[in-house]
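Take a look at the letters that make up each chain.
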Amino acid sequence: MKSSFAAVCPVVGEPASRPPRPAPGARSAALPAGFWRGPAGTGGEDATSGAELEGMPCPHCRERAALALPAGGGWCAACGGLVAPGGEAETICRACARPHGTAAGRGRPCAGEPEESGPVAGERLAARLRELIAERFDGMREPAAERYVAAVRAALPGTAAGPVSFVASPEPILLALPDRSLVLSTGLVRTLEDEAQLAFVLGREESLARHGWIARRYRGEVARTWSFWRRRDEGPLADAIELSCRVGFGTEAEQLADGEGLAALVAGDYDPQAGARALALLDRASRESGRFRLSKLRSHLLGRSLADAGRPPLARLNREVYCRAAGPLRDAAR
């Protein structure tokens with residue numbers, strides 16, 4: 001399957017080597033097409049065409065490294081900062097968990113913090129999200145691997161149980177849904193080396209869920225259009241899935257998730273150095289998705305926290321166990 005969505009990264013303000021730029025009109029097979037329909041409210045006098053945005057100074061770091069996204073706006077190949085269609089800086093908002101401009105009246109507006117949905121609406125929302133993911137990704141059933149990931153997750157302190165599923169994509173993708181279900185890509189499974197690294201990324205997702213980022217993003221997309229439940233307008237939910245795959249949840253949320261993922265490793269008697277190693281590997285493996293792009297920079301920051309985090313008596317890696325459990329999925333990703 002193909003995608004026209006360019007890579008985006010939530011980390012801003014740090015230099016990095018630029019990824020190779022695709023040829024004009026090229027499309028990637030890493031992620032499926034059909035998610036991103038374009039930012040709401042873009043166009044008109046303030047909208048900047050892709051040709052004008054290419055090579056513009058980044059509003060975050062001022063490097064001339066802006067790359068256009070086909071749907072409007074773009075991202076910076078030097079620092080990963082989000083760029084609005086008009087060339088302004090964008091960030092992931094704490095209230096609505098969506099990207100919008102930092103200056104009043106510019107870029108996309110804040111949708112506000114969504115209200116808590118009832119249990120019935122929440123179940124319907126999670127069910128529809130799973131349907132959308134199944135429609136747009138090539139799903140894979142590996143019951144033994146599903147049970148293994150669920151067991152690793154359940155062994156971490158303070159985590160909630162939920163179903164685990166896999167999709168075929170070379171990109172490292174990890175999606176947590178509002179009902180605490182998890183979707184992992186074959187690319188993510190192949191990138192990681194051991195159970196400790198898996199525990200770290202699972203602990204990160206738990207942090208995002210615990211602090212409400214995941215619930216706010218998906219509830220916010222539903223609240224943004226009342227027609228979803230009445231007319232089955234699934235575009236907003238598809239946008240939310242795409243945003244989570246491509247962009248993540250912003251610098252503040254992702255760095256907090258790094259720290260709490262590290263704490264989960266220590267509490268679970270895993271080697272805490274596996275956290276920094278996992279981030280570096282995910283950075284290296286990301287090609288068309290942006291959530292883990294430039295996360296190697298965060299891995300250095302996380303490495304400095306290892307002394308404060310301490311080292312558990314066992315410091316497990318469980319590499320052989322991981323390789324056996326993930327073997328079929330890692331082979332499928334080749």
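Provided above is the structure to which this section pertains.
In this text, all values refer to a predicted model and were calculated from it rather than measured experimentally. All chains use their own residue numbering, which begins from 1 and follows the written sequence. Local features are withheld for residues below a pLDDT of 70 in this predicted model, meaning they are given only at 70 or higher, and side-chain atom pairs are given and counted only at 80 or more; totals for whole chains, interfaces and linings count all residues. Calculated side-chain values reflect all of the structure's heavy atoms, with hydrogen atoms and water omitted.

### Focus on helix H5 (residues 195-210)
Every α-helical turn comprises 3.6 residues, leaving residues that sit three or four positions apart pointing alike.
So, step 1. A helix here means a DSSP run of H or I that spans at least four residues, while a strand means a run of E at least two residues long, and both kinds are numbered starting from the N terminus. The span one expects for a helix is its residue count, reduced by one, times 1.5 Å. Between the first and last C-alpha of H5 there are 22 Å, a value that for 16 residues agrees with the 22 Å anticipated at 1.5 Å per step.
So, step 2. Any pair of nitrogen or oxygen atoms within 3.5 Å is treated as a polar contact; in protein, a donor-acceptor pairing is required on top of that, and neighbouring residues in sequence qualify only through side-chain atoms on both sides. The N-terminus of H5 is capped by Asp-194, whose side-chain oxygen sits 3.2 Å from the backbone nitrogen of Ala-196.
So, step 3. Two residues or fewer after H5 comes Gly-212, characterised by a positive phi angle close to 85 degrees.

### Considerations on the nonpolar core
So, step 1. Residues belong to a common nonpolar core when they are buried Ala, Val, Leu, Ile, Met, Phe, Trp, Tyr or Cys residues joined through side-chain atoms within 4.5 Å. Buried means the residue's accessible area, taken with a 1.4 Å probe over protein chains only, is under 20% of the maximum for its type, while exposed means over 50%, and partly exposed covers the values in between. By size, the foremost hydrophobic cluster in this structure holds 61 residues, and its most contacted members are Phe-166, Leu-184, Leu-198 and Tyr-218.
So, step 2. In terms of residues, this core owes the most to one element, H5, which gives eight residues.
So, step 3. Residue contacts follow a heavy-atom distance rule, with two residues in contact if any of their heavy atoms lie within 4.5 Å. Setting aside chain neighbours within four positions, we find Leu-184 in contact with Val-149, Val-164, Ser-165, Phe-166, Val-167, Ile-173, Leu-174 and Leu-198.
So, step 4. Counting residues in each nonpolar core, the second largest holds eight residues, with Cys-58, Trp-75, Cys-76 and Cys-79 among its members.

### Focus: unusual backbone geometry
So, step 1. A positive phi angle is found at Ala-97, which is not glycine, with a value near 60 degrees.
So, step 2. Structurally, Ala-97 can be placed in the loop between strand S4 (89-92) and strand S5 (99-101).

### So, the pattern of salt bridges
So, step 1. The salt bridge definition used is simple: a Lys or Arg side-chain nitrogen within 4 Å of an Asp or Glu carboxyl oxygen. Following the criterion strictly, the structure yields 17 salt bridges and no others.
So, step 2. Notably, a salt bridge pairs Arg-210 with Glu-260, separated by 2.6 Å at the nearest N-O pair. With Arg-210 in helix H5 and Glu-260 in helix H9 (residues 250-267), this pair connects stretches of sequence that are 50 residues apart.
So, step 3. Residue class for Arg-210 comes out partly exposed when judged on its relative accessible area of 43%.

### A short note on the packing of aromatic side chains
So, step 1. Centres within 6.5 Å are what make two rings of Phe, Tyr or Trp a pair, Trp counting through its six-membered ring; a difference in plane orientation under 30 degrees is then read as stacked, over 60 as edge-to-face, and the rest as tilted. A complete count under the given rule lists two aromatic pairs for this structure.
So, step 2. Relative to Tyr-322, the ring of Tyr-148 lies with its centre 6.4 Å away and its plane at 55 degrees, an arrangement referred to as tilted. Of this pair, Tyr-148 sits in helix H3 (residues 143-155) while Tyr-322 sits in helix H13 (residues 319-332); the two residues are 174 residues apart in sequence, bridging distant segments of the chain.
So, step 3. By relative accessible area, which is 13% here, Tyr-148 ends up buried.
So, step 4. You can call Tyr-322 buried: its relative accessible area is 2%.
So, step 5. Comment: the charge-over-ring label is applied if NZ (Lys) or CZ (Arg) is within 6 Å of the ring centre and within 35 degrees of the ring normal. In this arrangement the basic side chain of Arg-216 is found over the ring face of Trp-213, its NZ or CZ atom lying 4.8 Å from the centre.
So, step 6. The ring of Tyr-270 is capped by Arg-316, whose NZ or CZ atom sits 4.2 Å from the centre of that ring.

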